[in-house]
Amino acid sequence: MLPQDQPGIMPGAGKKGNPVPTTGVQEKKLYERLTQALEKYKGKPGVLIAALQEAQEIFGYLPRKAMIHVANELTIPLAEVYSVASFYSLFSTVPAGKTRLEVCMGTACYVKGAEKLLQELQKQCGGSPGKFTSEGRFSVATTRCVGACSAAPVIKIGEELHGEMSPEKLPALLEELTKI
Amino acid sequence: MSTLLEELMQERVRPETEHRILICGGIPCRSLGCRKVQEALDEELQQKGLAGQIPVDVIGCIGDCSQGPSIIVYPEGIVYQKLGPDDARTIVREHIIGGRVVEELLHRDPHSEEIIRKREEMPFYREQTRLVLRNCGVISPHIDDYLKYRGYAALARALAEMTPEEVIDEIKKSGLRGRGGGGFPTGRKWELVHQAHGDEKYVICNADEGDPGAFMDRSILEGDPHSVLEGMIIAGYAVGASRGYIYVRAEYPVALRRCREAIAQAREKKFLGGNILEKGFSFDIEIRTGAGAFVCGEETALISSLHGTRGDPEPKPPFPAQKGLWGKPTLINNVETLANIPLIILHGSHRFTELGTERSPGTKVFALAGKVRHTGLVEVPLGTTLRRIIFDIGGGIPGNKKFKAAQTGGPSGGCLGEEALDIPMDYDSLQEAGSMVGSGGLIILDEDTCMVDLARFYLDFSQDESCGKCTPCRVGSKRLLEILQKITEGKGEERDLETLEQLALLMKNSSLCGLGRAAPNPLLNTLRLFREEYLAHIRERRCPAGVCRSLMRPRINPEICKACGICSRICPSQAITGARGTPYKIDLEKCSDCLRCLEECPFDAITRGGRRLAEAEAMDR
């Protein structure tokens, strides 16, 4: 079922995905950007995934309203929009935490202790597994293989990758992140 | 080293005469801090007034990822590895300005202690036959560098001297088989699309590298994108297509960027667009990004995703060769397959078949990772033994551990145990051994890996990635996972193994697409090779590798416990209760696994995973 939007929560625009309480003006601007971005897809076949990727880029995730907006602009049934948004793992319908820490769950990372790393990370950040949430400073999640198998285990933070991680290296990493 | 490689080397190497620094920008190196090395290099060059005079380029993966961050300094071609920012500054001062190779920063062979200066001298490279990876980590991904090394010469030859039929014939004669996992003869596929009727045809490059543990496609696209473009253009010419798509995983932002740049460069030099090389053939390429779905590696699901919908697979036939993208005949080839094409056209199929085995000619890139000393991409002729790859090239297992198995083929493949170390790694032999070449993921496992847990890991992956369209896969993978979870939690029963086997076979035989048909493979294979490990989990409630957490909790043996109460007093979580005369008990909900009770028990009555303290500690190390 299409999730309801959390009232008053809107991530900051862009990849950082930093959730802040929104004002109507900010929100309107983001939707204007989306309308503009969707212009080039109108009337073309096979563009839904690309359109949703742009929407997620703008909002940091896919709010219900944005999905409705995409459906209306591209005249695609909302059911189809949501079926695509819920099918692919890169689309998220919940806002992200301030700093996203993603533990790679590829095979190489797994056999080199990604599970232990994830547990330790959750313990230290107080984050819960699964999708990002807006609570807390860090949100902890797992990601599909990022192809850095040689540096396993790997933690992905934004576009940065941190290789050869271990539970012992976590405090230093988190400390560094807190400074930013 | 093969003669073909020698020939390639001779023809391509134009000795660099000026100082030039190439930094490995492969993901592992980046994750190990290559950006800081780059910044330090730039800074130091700037300070010494050399900025702009010494080119510093970031290139694709150099290869021996466990030794990163790495740089190569030309004209000598010296390789420095495991660098920090300070080392980078030293190299600028000593090597670039002083003209002295910085001996103390050179790589040392861990066994012979011998100093290694150049790439070719490292055992990791010396034992390889790098053809597909010939440019990766040697040149920058820019078209100018590619052209220096006979880039687009194959395209020129195909367009100038060969008819489409002759191109297809050459590929057929080469015996090249799909490198993405299927192993289907590439020439045959091309022929099918060539013969199919359609006013428009398409070529798709499948860069949705799905096996979690394979990264050769990413490395090729990042390090040598033009070889893939060249392969696609030749394929387009052969099958009669005018449009190509590269379907890239969204998890690979750098590969995506390099592809975009490469396409723009190729358009500018007129290798893409109308009337290529003035031979009347037109072809252009577009990029589409995936959004994270393993099933999209399957041809028909990939096409659904290109249509912009959910990546649902379709029944075959009709095959994409007849009815693919937008209902038109479509050729789908994997990245590594396409990167082989220019080599075959340029040097002839007879040179290609000199390598590899009769039914699996050519080389294969394996992504060596896991519990092995040197990790990274390894390209060897098909038919090379596992022993050679792991021990001669990969340097063996670190930490004096014992080799247990090698996982090939990812979630669709299986494991090869110690007895398979000497079988040739080719399509047919691996299939016979119960595994598969797959896309070339090669994860080495040592004695600390639990095979039951590994099977659970893969099932968890497949279950999560199942698109849900057909029942055998949707429900089957879920049930298999549940049973495996039960076993790893120490709640398994012996009859579960029978259920697992029955259900796995049913899923294999009745699922709609490759995902469901192959998902039970890791389970069936480990069940056959490591049955005793499953039985240890079930009968003894013990995980021999010490991985399964539920089986690794402390437990008080009531027969040994003298009810002295020491453990209860020292337990920081107050998880141990009992009374004089009756054995004590641990409340596992409260227990924090600190293991102090194991340390303090004077009677060794407390065990973890069936082991006493010393053994348990040894496991943790």
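Conventions we followed
Residues numbered from 1 in each chain as written. Chains lettered and ligands numbered in written order. Predicted model: local features only at pLDDT ≥ 70, side-chain atom pairs only at ≥ 80, totals over all residues. Heavy atoms only, no water. Helix = DSSP H or I, 4+ residues; strand = E, 2+ residues; numbered from the N terminus. Rg over C-alpha atoms; globule rule 2.2 N^0.38 Å. Buried < 20%, exposed > 50% of the residue type's maximum accessible area, 1.4 Å probe, protein only. Contact = heavy atoms within 4.5 Å. Areas by Shrake-Rupley, 256 points an atom, 1.4 Å probe, with all protein chains shown as cover. Lys, Arg positive; Asp, Glu negative; His and termini not counted. Charge placed at Lys NZ, Arg CZ, Asp CG, Glu CD. Core = buried A, V, L, I, M, F, W, Y, C linked by side-chain atoms within 4.5 Å. pLDDT = per-residue confidence, 0-100. Pairing = 2+ DSSP bridges. Axes fitted to C-alpha atoms, helices over the stretch in contact; angles between N-to-C directions. Disulfide = S-S within 2.5 Å. Buried area = accessible area lost by both parts, 1.4 Å probe. Salt bridge = Lys/Arg side-chain N within 4 Å of Asp/Glu carboxyl O. Polar contact = N/O pair within 3.5 Å; in protein donor to acceptor, adjacent residues only side chain to side chain. Phe/Tyr/Trp six-rings, centres within 6.5 Å; stacked < 30°, edge-to-face > 60°.

Draft legend 1. Up close: the overall build of chain B. When its secondary structure is counted, chain B shows 26 helices and 20 strands. For chain B, the C-alpha radius of gyration of 27 Å lies close to 25 Å, the compact-globule estimate for 621 residues. Considered along the principal axes of its C-alpha atoms, chain B spans approximately 95 × 65 × 40 Å. Split into buried and exposed, the 621 residues of chain B put 60% on the buried side. Put simply, of all contacts in chain B between residues at least 6 apart along the chain, 69% involve residues at least 24 apart. Of the roughly 24,100 Å² of accessible surface on chain B, 47% is carried by carbon and sulfur atoms. One way to put it: in chain B the 81 positive side-chain charges average out to a point 4 Å from where the 88 negative ones average out.

Draft legend 2. Representation of the nonpolar core within the structure. Among the nonpolar cores identified, the biggest contains 105 residues, and A:Ile155, B:Trp190, B:Ile246 and B:Phe283 are the most heavily contacted of them. Among the elements that line this core, the one with the most residues is helix α11 (residues 225–239) of chain B, at 9 residues. With sequence-adjacent residues up to four places away left out, B:Phe283 is seen in contact with B:Val203, B:Met232, B:Ile233, B:Gly236, B:Ala241, B:Ser242, B:Arg243, B:Gly244, B:Leu272, B:Gly273 and B:Ile276.

Draft legend 3. Highlighting the confidence of the model for chain B. With 95% of its residues at a pLDDT of at least 70, chain B reaches an overall mean of 90. Of all secondary-structure elements in chain B, the lowest mean pLDDT belongs to helix α1 (residues 3–12) of chain B, at 45, while strand β7 (residues 202–207) of chain B reaches the highest, 98.

Draft legend 4. Structural view of the sheet that holds strand β4 (residues 78–80) of chain B. Residues and elements named next belong to chain B. On the basis of which strands lie adjacent, the open sheet formed by 4 strands has the order β2-β1-β3-β4 and mixed pairing. In this open sheet, the two edge strands, each paired with only one partner strand, are β2 (56–59) and β4. Strand-to-strand twist in this sheet, taken as the mean axis angle between neighbours without regard to direction, amounts to 25°. Alignment of strand β1 (residues 20–24) against β2, held across 4 bridges, turns out to be parallel. Directly across from isoleucine 23, in β2, lies its bridge partner valine 58.

Draft legend 5. Representation of the state of the cysteines in the model. All names here are of chain B. Counted according to the given criterion, the structure contains 0 disulfides over all chains. Cysteine 548 carries a free sulfur, and the closest cysteine sulfur to it, the one in cysteine 450, is 3.8 Å from it. Unpaired in terms of disulfides, cysteine 571 finds its nearest cysteine sulfur in cysteine 594, a separation of 6.0 Å. By relative accessible area, which is 14% here, cysteine 571 ends up buried.

Draft legend 6. Summary view of the pairing of strand β13 (residues 376–381) of chain B. β13(B) sits mainly inside the fold: 5 of its 6 residues count as buried. Once strand β12 (residues 363–370) of chain B ends, the chain turns through 5 residues before running back antiparallel as β13(B).

Draft legend 7. Just the interface of chain A and chain B, in detail. On the side of chain B, 52 residues touch chain A, which itself brings 36 residues to the contact. Counting the surface lost from both chain A and chain B, the interface buries some 3,500 Å², and carbon and sulfur atoms represent 56% of this. At the surface where chain A touches chain B, the tally comes to 3 salt bridges. A salt bridge links A:Arg144 to B:Glu251, with the nearest nitrogen and oxygen atoms 2.8 Å apart. Where chain A meets chain B, there are 20 residue pairs in polar contact (both at pLDDT 80 or more).

Draft legend 8. Expanded view of the pattern of salt bridges. Residues and elements named next belong to chain A. Enumeration over the complete set of coordinates arrives at 56 salt bridges over all chains. Here glutamate 73 makes a salt bridge to lysine 42, at a shortest N to O gap of 3.1 Å. With glutamate 73 in helix α3 (residues 64–74) and lysine 42 in the loop between α1 (24–38) and α2 (48–59), this residue pair connects regions lying 31 residues apart in the sequence.

Draft legend 9. Geometry of unusual backbone geometry. Look at the link from A:Ala152 to A:Pro153: it is a cis peptide, with omega at -10°. Cis geometry is found at the peptide bond from B:Tyr74 to B:Pro75, where omega equals 10°. Its location among the elements puts B:Pro75 in the loop between β3 (71–74) and β4. Positive phi values are uncommon outside glycine, yet A:Thr75 reaches one of about 45°. The phi dihedral of B:Asn400 is positive, around 55°, even though this residue is not glycine. If you trace the backbone, B:Asn400 turns up in the loop between α16 (386–393) and β14 (403–408). Since its relative accessible area comes to 78%, B:Asn400 is described here as exposed.

Draft legend 10. Representation of the packing of aromatic side chains within the structure. The final tally for this structure, using the stated rule, is 13 aromatic pairs over all chains. Aromatic side chains A:Tyr88 and A:Phe91 sit 6.4 Å apart centroid to centroid with 85° between the ring planes, which places their arrangement in the edge-to-face category. Residue A:Tyr88 is classed as buried on the basis of its relative accessible area of 1%. Looking at A:Phe91, the relative accessible area reads 4%, which means it is buried. Ring centres 3.9 Å apart and planes at 5° place the aromatic pair B:Tyr152 and B:Phe271 in the stacked group. A residue pair is termed long-range when its members are at least 10 positions apart, and B:Tyr152 in the loop between α6 (143–148) and α7 (153–161) and B:Phe271 in the loop between α12 (253–268) and β9 (273–276) qualify at 119 residues. A relative accessible area of 2% places B:Tyr152 in the buried class.

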